[in-house]
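Structural characterization, general
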Amino acid sequence: MVKKISRLTKYAGDTMKTKKISDFFIRFGAWQLRYRRPILICVLLITAAGFLGLPRLVVANNTDGWFEDREELKRNSDLYEEKFGNEDGVMILIEAEDVFDPEVLRMIRELGGELLERVPCARDIYSLTDLSIAFGDEEGIEIINPFEGGVPDDPADLAAKKEYILSRESLVNTLVSGDCRETWLILRLNNYEAANKSGEMLLVGKAAQEVLAEARWQNPKYTLKPTGMAYTETEEDQVVARETSIRVIGGFIVVFICLIVFTRSLRGIIVPVLATLGGIGTVLGFEGHLGIYADSNLITLPVLLSMALAIGYAIHLINTFKTRFRESGRRKEALIKAVGETGWPILFTAVTTIASLLSFLAAGIVPLRWLGVTCAFTVFAVYLYVVFLIPPLFSFGKDRTDRKTAVPAYGRASAEDSAASGGEGTSRADAWFRRFGVRVLKAKVPLLIICFIFIAAFIPGLFRMSVNMEYFSTMGMKIPYIQRLNQIMKTQIGSLYSYVVMINYDGLDAFMEPERMKNLDRLVEKFGSLELTKVTGGKGRVSSVTETIKEMNRVFNGDDPAYYRIPDTREELAELILFCDPDSIYERMDEDFSTAVLQVEILNWDGNKIVGDMDRAKAMAGELFPDGKCSIIGMVADFAAMNNKIVYGELKSFSGSFIIILILLSLVFASFSTGLIGMIPNIAPVIILGGIMGYTGTPLDMLTMTIMPMVLGIAVDDTIHFITRIRVELEKTGSYHQAVLNSFQALGKTLGMTTVILCAMFAVYTVSPIAMLSRMGFYSIIGLGSALLSDYILTPLLILALKPFGKGLPGENKKRQTA
């Protein structure tokens, strides 16, 4: 008897707590209706203030400061730029039957002049018609440009120049291929302004695009294939911006159509759209006011999240209002009841989603920090828009006098179930979901076994997941400029990426020692043997100052190829350097002779292999220069560092999301077991996602690594609504069985509607030619779909089996046995 009284007291206490929360939101709903016009005016003013900042928003793919702890990388990069200038440039691979054809040479000379004149930050041109090489004869040695006076008309003169250029080992299979079918035109650049590197890079790329787009460069005798970081980054920004716009607009259209089908209400369509536009527009607008840069690669995610949550929040509130409106026919009363019922679950889902998104701050990757903060504020803004727009907007209108009656439940259910399945305001869909709940509960044991076996089957796939920032795989081969870059990579002298190894000494004239210069030459050979180093004509594509010095040594000794080597004495070395073209020397060695750099061109972008190659390169340099400082710089080095960061960033972000949500669930429901029950249905889709990615070999990249935390943040919303509703119904009925069935009836349709709409929106992304967007759409659909099934099956069955809110009212089990 004492136990029964204790349990009754506990239920009474829980009911009082729930009633207090509900009463608060009922008063809040009444306050909203009382001041609906001032509220709408305030919303309009805040929105206008935010939208005024949108023209100031800078959207860029700014890789500077990707990592919070990249001080060493930045110091090395700044030292390189101080000593050697801008590492970036615009490169054009020229293909022809013979690149020494007079028409081709004249085009190279003219195109180089145009680029030099019209592209910002242009420094000089390096090409067949703009190069300095050593030439020696009886009269002495001089540095000449073979085509300084123009392209000769005399075939014999041209043939002589061609022969001499092809006799230079430092040029063959570097500047020009051995078969004379390929050559480079390279526009070298001055340093970008430190405050606006990304902006100036885009200006360079756009200016080069304008030059190359002119019809005069179209000729059947040759083809031009541009590349270089400035050029390709500009193309990437243009493609990503265009594709993002198409997918976002397409997503809006799909959402709009789905809302028409599901809500059949003009206001039910307008509010989610206004909440989406208002939430994302206001947040990005205030970022514009504050001078915060938006990341072009990730900006689609806040937009998607705002649409997803605006739909979820709005549909929960609108469907509850419709149910209560069908019951009473009184509009304002139905709105106040709807706010009272959904106010707390919607607020709690917003809080958990915000907390989950803020876990991106732990990733240590600056764009992900921007993403986490922006998404968190977007969720908060969307929540406010939904909460402050729906009650005031839906309050305008007439009451109903023709209340709809319930659709009776049918199917094989107990008498108790059938008795509780109706009630005023019940729609056919609500009744169908109640019957679905009956079937789930009847097959609870087999369903739980099947679910856990199915989920366990994906666990081995988690251990096969990999991280690889492979550029072509990330962007996809359906994009024209990626196809062109792939073609360049497959040519004899073409390459897309390179990294720089810099060896630095504190003292002056360190590299005036012949032994150190010979070690530098040995390092060139060693780097040529690395796995990803491109090899042309048996020669590794590694550039250093030693090539220029060896070329001059050969010219000094009657152009004898045997002297294509580093001299043995300091005096000889100093004399050779004195006669060399200063630009050729100081491009790879500083004026103090204390720092030398080697540029290593690579076959393709494979993040994992690049990390291995660069580690081996540093070890090789350390062996030959034990008293010097070796560092690796360039975009490739940044991407390689990102490859490792993504692994730990993903783990930190997801672990943070999991722990934060678990803590919040446990605190709110005053039960750690309830928190765990709430997490299991949300961990299941993450395991399934990771397993599929592992089994299919889909690597984590900058975008796919955000899918799991995003799915977790969205999916937990439905779980919270379901658990909260079950608890409310349990307090009303005292029966877990009835509480679960009533929750299916009340929420089943809403959960299904929100997931279908979100999956339809993400389906727009699956047809994108950008592989990372397509994968994001595909895996988001899998994650959200599996999350819905988990909520329909695992959540109610776990609650029924574990009874986290107590064992129910006395006599419940006997009632179920006799029913």
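Helix and strand counts for the protein chain come out as 28 helices and 14 strands. Taken over 819 residues, the protein chain has a buried fraction of 58%. Across the protein chain, contacts joining residues at least 24 apart in sequence account for 81% of those joining residues at least 6 apart. Summed over its atoms, the accessible surface of the protein chain is roughly 33,900 Å², and 60% of this surface lies on carbon and sulfur atoms.

The antiparallel open sheet is built from 4 strands, whose spatial order is β12-β13-β9-β14. The open sheet has two free edges, formed respectively by β12 (542-543) and β14 (629-633), since each of these has just one partner strand.

Ranked by internal contacts, the top residues of the largest apolar core, which has 240 residues, are Leu111, Leu115, Tyr499, Phe511 and Phe527. Examining the composition of this core, we find that 16 residues originate from one element, helix α9 (residues 300-328), more than from any other.

This next bit is on the packing of helix α7 (residues 229-263) against helix α26 (residues 736-766). The interhelical angle for the contact between α7 and α26, taken along N-to-C directions, is 150°, at an axis separation of 8 Å. With respect to their mutual orientation, α7 and α26 come out roughly antiparallel. Judged by the twist between their axes, the crossing of α7 over α26 is right-handed. Residues Arg247, Val248, Gly250, Gly251, Val254, Val255, Cys258, Leu259 and Phe262 of α7 touch α26, and the partners they reach there are Met753, Val756, Ile757, Ala760, Met761, Val764 and Tyr765.

Moving on, we come to the sheet that holds strand β2 (residues 89-96). To summarise the sheet geometry, strands pair through backbone hydrogen bonds and adopt either a parallel or an antiparallel arrangement. The strand order across the open sheet formed by 4 strands is β3-β6-β2-β7, and the pairing between neighbours is antiparallel. With one partner strand each, in any of the chains shown, β3 (122-126) and β7 (222-227) form the two edges of the open sheet. Each neighbouring strand pair of the sheet contributes to a mean axis angle of 20°, computed without reference to strand direction. The pairing of β2 with β7 spans 6 bridges and is classified as antiparallel. Opposite Leu93, over in β7, you have Lys225 as the bridge partner.

Our next topic: helix α19 (residues 545-556). Its 12 residues place the ends of α19 17 Å apart at the C-alpha level, agreeing with the 16 Å of an ideal helix rising 1.5 Å per residue. Counting buried positions along α19 yields 10 of 12 residues, so the element is predominantly enclosed. Among all positions in α19, only Val545, Thr546, Glu547, Ile549, Lys550, Glu551, Met552, Asn553, Arg554 and Val555 are buried. Looking one or two residues past α19, Gly558 carries a phi angle of roughly 65°, positive in sign.

Bringing the pairing of β2 into the picture now. Where burial is concerned, most of β2 is hidden: 7 out of the 8 residues are buried. Judged from the 7 bridges that link them, β2 and strand β6 (residues 182-189) form a sheet pairing that is antiparallel. Looking across to β6, one finds that Met91 is bridged to Ile186.

Looking now at the packing of helix α4 (residues 102-118) against helix α6 (residues 197-212). Axis separation between α4 and α6 bottoms out at 10 Å; the angle between their running directions is 145°. Every pair of crossing elements has a handedness; the one defined by α4 and α6 is right-handed. From α4, Leu111, Glu114, Leu115 and Arg118 reach across to α6, where they touch Ala207, Ala208, Glu210, Val211 and Leu212. When the residues that make up the contact of α4 with α6 are grouped by side-chain class, the tally is 6 nonpolar, no polar and 3 charged.

Next up on the list: helix α17 (residues 480-489). Counting buried residues along α17, 7 of its 10 residues qualify, which places the element largely inside the surrounding structure. Considered for burial, the residues of α17 that qualify are Tyr481, Ile482, Arg484, Leu485, Asn486, Ile488 and Met489. Contacts made by the buried residues of α17 are with β2, β6, β7, α7, α16 (471-475) and β13 (595-602).

Here we come to unusual backbone geometry. With a phi angle near 65°, Cys121 is a residue other than glycine that sits in the positive phi range. For Cys121, the location among the structural elements is in the loop between α4 and β3.

Now for a nonpolar patch on the surface. A surface patch of nonpolar side chains, about 520 Å² in accessible area, is lined by Ile249, Ile253, Ile257, Val261, Phe262 and Val756. The element that contributes the greatest number of residues to the nonpolar patch is α7, accounting for 5 residues. Here Ile257 lies in helix α7. On the basis of relative accessible area, Ile257 is assigned to the partly exposed category, the value being 47%.

This next bit is on the pairing of β13. Across the 8 residues of β13, 8 count as buried, placing the element largely inside the fold. Where burial is concerned, the two faces of β13 agree: the one with Thr595, Val597, Gln599 and Glu601 and the one with Ala596, Leu598, Val600 and Ile602 are both buried. Pairing of β12 with β13 involves 2 bridges; the strand directions are antiparallel. For Ser543, the partnering residue across the bridge sits in β13 and is Gln599.

Take the pattern of salt bridges next. Under the criterion given, the structure shown has 40 salt bridges. The residue Glu587 makes a salt bridge to Arg588 at a minimum N-O spacing of 3.8 Å. We classify Arg588 as buried; its relative accessible area is 11%. Glu731 serves as the salt-bridge partner of Arg727, at 3.8 Å between the closest nitrogen and oxygen. One end of the pair is Arg727 and the other is Glu731, both in helix α25 (residues 707-733) and 4 residues apart, which spans about a single turn. Each member of the pair, Arg727 as well as Glu731, is classed as buried.

Along the chain, Tyr497 turns up in strand β9 (residues 497-504). Take Tyr497: its relative accessible area is 11%, and that puts it in the buried class. A sequence separation of 104 residues divides Tyr497 from Glu601, and the C-alpha atoms of the two residues are 6.1 Å apart. In this structure, Tyr497 is in contact with Met229, Tyr471, Val600, Glu601, Ile602, Trp605 and Val636, ignoring residues within four places of it in sequence.

Glancing now at the confidence of the model for the protein chain. When pLDDT is averaged along the protein chain, the result is 84, and 89% of the positions lie at 70 or above. Across residues 405-422, where pLDDT falls below 50, the model places 36 contacts with residues more than four positions away in sequence or in other chains. Below a pLDDT of 50 lies the segment residues 813-819, which in the model reaches 6 contacts outside its immediate sequence neighbourhood of four places, other chains included.

Looking now at the packing of aromatic side chains. For the coordinates displayed, the defined rule picks out 24 aromatic pairs. On the numbers, 5.0 Å between centres and 85° between planes, the contact of Trp432 with Phe433 is edge-to-face. Under the relative-accessibility criterion, Phe433 is labelled buried at 12%. When the centroid spacing of 5.1 Å and the interplanar angle of 70° are considered together, the rings of Phe778 and Tyr779 count as edge-to-face. Through pairs of rings, three or more aromatic residues link up here, namely Trp432, Phe433, Phe436, Phe722, Phe744 and Tyr792. For the cation-ring pair, Arg36 lies above Phe396, with the distance from its terminal atom to the ring centre recorded as 4.0 Å. The residue whose ring lies beneath Arg168 is Tyr164, and the NZ or CZ to ring-centre distance is 4.3 Å.

What counts as what
Residues numbered from 1 in each chain as written. Predicted model: local features only at pLDDT ≥ 70, side-chain atom pairs only at ≥ 80, totals over all residues. Heavy atoms only, no water. Helix = DSSP H or I, 4+ residues; strand = E, 2+ residues; numbered from the N terminus. Buried < 20%, exposed > 50% of the residue type's maximum accessible area, 1.4 Å probe, protein only. Contact = heavy atoms within 4.5 Å. Areas by Shrake-Rupley, 256 points an atom, 1.4 Å probe, with all protein chains shown as cover. Pairing = 2+ DSSP bridges. Core = buried A, V, L, I, M, F, W, Y, C linked by side-chain atoms within 4.5 Å. Axes fitted to C-alpha atoms, helices over the stretch in contact; angles between N-to-C directions. Parallel < 35°, antiparallel > 145°, perpendicular 65-115°, else oblique. Left-handed = near helix turned anticlockwise from the far one by under 90°. Expected span 1.5 Å × (residues − 1). Nonpolar A, V, L, I, M, F, W, Y, C, P; charged D, E, K, R; others polar. Patch = residues over 30% accessible without salt bridge, like charges linked within 9 Å, V, L, I, M, F, W, Y side chains within 5 Å. Salt bridge = Lys/Arg side-chain N within 4 Å of Asp/Glu carboxyl O. pLDDT = per-residue confidence, 0-100. Phe/Tyr/Trp six-rings, centres within 6.5 Å; stacked < 30°, edge-to-face > 60°. Lys NZ or Arg CZ within 6 Å of the ring centre and 35° of its normal.

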